[in-house]
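# Summary of structural features
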Amino acid sequence: MRVKYDVDTQLLFQIGDPLDHACACTIHNRMYELANLNAVNLNVVVKKGELPAFIQSCKQLGVKGFDITMPHKSDIIPLCDEVEPFSREFNCVNHVKIRDGKLIGVGLDGLGMVMAIEDSGFPIYGSKVLMLGAGAVSGPIAAELCQRGASSVVILNRTVSKAEKITISLKKYFPTLQATAMSMTLENLCSCAPEADLVVQCTSLGMSGHQGDYEDLTFIDLLPKDACVADVIFNPERTSILARAEARGLRVLNGMGMLVNQEKAMMKFHFGVDLGPEFALEGEETLLMALVMRQLRTRRLTRKGASK
Ligand SMILES: NC(=O)c1ccc[n+]([C@@H]2O[C@H](COP(=O)([O-])OP(=O)(O)OC[C@H]3O[C@@H](n4cnc5c(N)ncnc54)[C@H](OP(=O)(O)O)[C@@H]3O)[C@@H](O)[C@H]2O)c1
């Protein structure tokens, strides 16, 4: 890693508890390097309840900003001076910049996925969206899709009340939007599929390490032939839902593009730097390297734990 510390070095932190020591910070530093910035990102463990003291220290140290993981993504919101509206609505901020002593917060999950869908060439404007899942990433993704002109959104979730909450939020910002919440049953999946132009899989189903997957994927066979299926999951590279859609010749994308584009959006947010399209490959390689490092580290820690 190229780090040139001098009086001009811009200091940023990755905060959370626990912290993934091998991952986010490594990725951010590689991004700074690719953009030739004199900046460094360091991991800081900040425990729940410690945010106010941490923020005070950042202001004293002249820190440029920080990136956030659990458990602070919602706790940070009341401590910010400005929060991007969708991030406030869906209660999730994962990046903060400090300008003239003021904290400006944003969540970039939704933007990351929508940028990836745009990169794939899928036309979002006027599209009918079927969202699967109503967890933390669903609302921000749906809102960004509506911002780009999606004409209707159906959200299916195991817990319907969470899907309903998202549709209520969406209608606040997009009063003419057709937004529907339903339970994620096979019957509903099959009845919604023929109408969907874009499916965004936002549940943890099929994720490596998560127990559970879609039991019946016949709804994928009912999607229109020019539909696109996007999955937030990047490990495995092809979830069962993506594999089935791909076998049908549908346009598919996994969560890697979402991750890469969040890093691009993060660079724009903190530094005003636009990483061009040529960055996509380098960004993906960096992310893959960091993820492999994380896996190796987890395996080492597991082995250590087992031998105790
Ligand atoms: N690519 C990226 O950059 C990126 C970024 C963030 C997250 N992610 C991935 O996105 C996924 C969701 O993350 P999140 O933060 O939104 O998680 P979350 O808030 O915990 O939501 C999980 C979602 O999965 C559903 N779900 C979980 N187990 C289920 C089961 N057995 N049957 C049916 N539904 C089930 C939940 O339904 P209920 O509401 O009914 O519990 C909920 O809709 C994760 O796989 C995460 O790794 C990717």
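Here the structure is shown first, and the text comes after it.
The paragraphs below set out a description of the structure included in this document. Remember, predicted model here, so these are calculated numbers, not experimental data.

Each value, and the rule that gives it
Residues numbered from 1 in each chain as written. Predicted model: local features only at pLDDT ≥ 70, side-chain atom pairs only at ≥ 80, totals over all residues. Heavy atoms only, no water. Salt bridge = Lys/Arg side-chain N within 4 Å of Asp/Glu carboxyl O. Helix = DSSP H or I, 4+ residues; strand = E, 2+ residues; numbered from the N terminus. Buried < 20%, exposed > 50% of the residue type's maximum accessible area, 1.4 Å probe, protein only. Polar contact = N/O pair within 3.5 Å; in protein donor to acceptor, adjacent residues only side chain to side chain. Contact = heavy atoms within 4.5 Å.

Scanning the entire structure with this criterion turns up 9 salt bridges. With a shortest N-O distance of 3.5 Å, R30 and E33 are connected by a salt bridge. Placement of both R30 and E33 in helix α1 (residues 24-34) is noted, with a separation of 3 residues, approximately one turn of the helix. With a closest N to O distance of 2.5 Å, K48 and D75 form a salt bridge. Taken together, the residues K48 in the loop between β2 (39-45) and α2 (51-61) and D75 in the loop between β3 (65-68) and β4 (82-83) connect sequence positions 27 residues apart. Relative accessible area serves as the criterion here: at 28%, D75 is assigned to the partly exposed category. Here the salt bridges share partners, and the residues they tie into one network are E118, E144 and R148.

This paragraph deals with the side chain of D67. For D67, the location among the structural elements is in strand β3. One polar contact links D67 to H95, side chain to side chain, over a distance of 2.6 Å. Separated by 2.9 Å, the side chains of D67 and H270 make a polar contact. Sequence-distant contacts of D67, that is, excluding residues within four places in its chain, are made with F13, Q14, I15, H28, Y32, N41, N94, H95, M266 and H270.

The values are spatial; any link to function lies outside them.
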